Amino acid sequence: MNLPKLAIASLGGTVSMQARTAGEGVVPTVSGATLLASIPELRSHAHVTVETLGMLPSASLDFEYLLSVLCWAKYQIEQGAVGVVITQGTDTLEEAATFFDLLWDHDEPLVLTGAMRSAAQAGADGPGNLLDACRVGLAEKSRRRGVQVVMSGQIHLAQAVRKSDSMGLQAFSSPNMGPTGLLTEGAVRYLHPARQRNVLPSPKHTTHKVALLQATLSADTLLLENILALGYEGLVIAGFGAGHLSETWTEAIDAIADKIPVIVATRCGSGSTARSTYGFKGGEIDLIQRGASMAGFACPRKARILLWLLIGCQRQDDLARYLKEDIRF
Ligand code: ASP
């Protein structure tokens, strides 16, 4: 039978973790092939290839590494795969998905998944999530949807998804728009139409640094004042409420925004920054006048990835266009 080709890679994370010795903490040990063996039903739907590209907790993934995974995934499509599925740790799943989505220039789906329970734990969710992710990766209607995250029977847009619970099974949500699709009775069902995406070229530079700071009550300005001296080429601040800073942080912004791009996002976890509501010093109107860009719906971590990629391909001037796209993040 002529089955469609699906490529799977595993990078590590809880989905591939087990204790080496009883009573010890879990670490990545389970290969991609073993994960695949846990969903034998897939064999009748697709010709599946699987590779173990890493055994890392996702906190230790980095942009260079993700670029190499992206190359691998693009190669799979060039070799005829109808979709690619990547398993990784959930701690940075939202960031990796955003990173890939901003660079994924294929119509074929790239789907990310993981697990909240480790491989040997009772009720492990890894096999179910992997099977769902493969279903999404194989579905014709997943084409032209960029990178998506599949967890707990839900499909989330890379730009919208967040890990919003540290250990709960239902840890992923898309606060500003909800899931973009669901898996019910094994069927992939989309709730929203596919949307126009703006894909960036691969970064030419990868050694630049973009800082992310969070505004907190009564915070000192020591780190802020040293941002330029430390060599950062971009700054994202997770601001209060609708994207606000204290008066002291605001004064420090002038000199920084003069030299490098500064994005102010909201630290709230959902909702957008404002543009034209608050008139106080450190409010969004003032910050925009001082040269900062407001992140809109982009959460601070995703705004940092966007800025890092834009700087990497020397497209900083496009920042406003990327941040303007409503709900995209
Ligand atoms: N707790 C994490 C996970 O869910 C560990 C990691 O991100 O690697 O996979």
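Preceding block: the structure.
A short tour of the structure in this document, coming up. A quick note: this is a predicted structure, and the numbers were derived from the prediction, not measured. (Residues numbered from 1 in each chain as written. Predicted model: local features only at pLDDT ≥ 70, side-chain atom pairs only at ≥ 80, totals over all residues. Heavy atoms only, no water.)

1. What to know about the overall build of the protein chain
Put simply, the rule is: Working definition: helices are DSSP H or I runs of at least four residues, strands are E runs of at least two. Numbering for both runs from the N terminus. Here the globule rule is a power law, 2.2 Å times the number of residues to the power 0.38, and the radius of gyration is based on C-alpha atoms. To sort residues, take the accessible area from a 1.4 Å probe on protein chains only and compare it with the maximum for the residue type: under 20% means buried, over 50% means exposed, and anything in between is partly exposed. Contacts were defined at the residue level, with two residues in contact if any of their heavy atoms lie within 4.5 Å. Using a 1.4 Å probe, accessible areas were evaluated by the Shrake-Rupley method; residue-level cover was limited to the displayed protein chains. Counted as positive: Lys and Arg. Counted as negative: Asp and Glu. His and the chain ends are not counted at all. Where a charge lies is defined by one atom per residue type: Lys uses NZ, Arg uses CZ, Asp uses CG and Glu uses CD.
Of regular secondary structure, the protein chain possesses nine helices and 16 strands. The C-alpha atoms of the protein chain give a radius of gyration of 20 Å, which matches the 20 Å a tight globule of 329 residues would have. Its C-alpha atoms put the protein chain at 65 × 45 × 35 Å along the principal axes. Taking all 329 residues of the protein chain together, the buried fraction comes to 53%. Sequence-distant contacts in the protein chain: of pairs separated by 6 or more residues, those separated by 24 or more amount to 71%. Within the structure as shown, the protein chain displays about 14,300 Å² of accessible surface, and the carbon and sulfur contribution to it stands at 51%. One finds the centroid of the 29 positive side-chain charges in the protein chain at a distance of 5 Å from the centroid of its 31 negative side-chain charges.

2. A closer look at the site of the ligand
Going by this rule: Near residues are defined by distance, with any heavy atom within 4 Å of the molecule or strand qualifying the residue. What qualifies as a polar contact is a pair of N or O atoms within 3.5 Å, subject to a donor-acceptor requirement within protein and to the restriction that residues adjacent in sequence count only when both atoms come from side chains. In this count, Pro and Cys sit with the nonpolar residues alongside Ala, Val, Leu, Ile, Met, Phe, Trp and Tyr, while Asp, Glu, Lys and Arg are called charged and the others, Gly among them, polar.
Around the ligand, a shell composed of Gly-13, Thr-14, Met-17, Pro-57, Ser-58, Gly-89, Thr-90, Asp-91 and Ala-115 is seen. Here an oxygen atom of the ligand sits 2.3 Å away from a polar atom, N or O, in the side chain of Thr-90. Within the backbone of Asp-91, one N or O atom sits 3.0 Å away from an oxygen atom of the ligand. Looking at the shell around the ligand residue by residue, the class counts come to three nonpolar, five polar and one charged.

3. Details of the pairing of strand S12 (residues 187-190)
For clarity, the threshold we go by: Pairing between strands requires that DSSP locate at least two bridges from one strand to the other.
A one-sided burial pattern is seen for S12, the buried positions being Val-188 and Tyr-190 and the unburied ones Ala-187 and Arg-189. Note: strand S11 (residues 181-184) against S12, four bridges, orientation antiparallel. Across the sheet, the residue bridging to Leu-182 is Arg-189, located in S12. Where S11 hands over to S12, the hairpin turn is made up of two residues, of which Glu-185 adopts a positive phi near 50 degrees.

4. Some thoughts on the sheet that holds S11
Our working rule: Lines are fitted to the C-alpha atoms to define the axes, a helix being fitted only along its stretch in contact, and any angle between axes, read from their N-to-C directions, falls within 0 to 180 degrees.
Taken in spatial order, the eight strands make up an open sheet running S4-S1-S5-S6-S7-S8-S11-S12, and their pairing is mixed. Two strands lie at the open edges of the sheet, namely strand S4 (47-56) and S12, each paired on one side alone. Pairwise comparison of adjacent strand axes, ignoring direction, gives a mean angle of 25 degrees for this sheet. Of the strands in this sheet, strand S1 (5-12), strand S5 (81-87), strand S6 (110-113), strand S7 (147-151), strand S8 (154-157), S11 and S12 are in contact with helix H4 (residues 126-138), which crosses S5 at around 155 degrees.

5. Here we look at the packing of aromatic side chains
Basically, it comes down to this: When two rings of Phe, Tyr or Trp (its six-membered ring) have centres within 6.5 Å they constitute a pair, described as stacked for plane angles under 30 degrees, edge-to-face for angles over 60, and tilted for the intermediate range. As a reminder, the over-ring test applies to NZ of lysine and CZ of arginine, requiring each to be within 6 Å of the ring centre and within 35 degrees of the ring normal.
Tallied over the entire structure, the rule returns five aromatic pairs. Ring centres of Phe-63 and Phe-99 lie 5.1 Å apart, and the angle between their planes is 20 degrees; on these two criteria the pair is classed as stacked. Note that Phe-63 is positioned in helix H2 (residues 63-78) and Phe-99 in helix H3 (residues 93-103), a separation of 36 residues in sequence. For the pair Phe-63 and Phe-99, a shared accessibility class is recorded, and that class is buried. Taking 4.4 Å as the distance between ring centres and 50 degrees as the angle between the ring planes, the aromatic pair formed by Phe-63 and Trp-308 counts as tilted. Of this pair, Phe-63 sits in helix H2 while Trp-308 sits in helix H8 (residues 300-312), placing them 245 residues apart in sequence. Taking relative accessible area as the criterion, Phe-63 reaches 15% and is therefore assigned buried. By relative accessible area, Trp-308 is classed as buried at 3%. Through successive ring pairs, a cluster of aromatic residues spans Phe-63, Phe-99, Phe-100 and Trp-308. Above the face of the Tyr-190 ring, Arg-145 is positioned so that its terminal group lies 3.6 Å from the ring centre. Residue placement shows Lys-209 over the ring face of Tyr-232; its charged tip is 5.9 Å from the ring centre.

6. Considering the sheet that holds strand S13 (residues 210-214)
Strand order across the open sheet formed by four strands is S13-S14-S15-S16, with parallel pairing between neighbours. In the strand order of this sheet, the two ends are held by S13 and strand S16 (293-294), each with one partner. Packing of H8 onto the sheet brings it into contact with S13, strand S14 (234-239) and strand S15 (262-266), and relative to S14 it is tilted by some 165 degrees.

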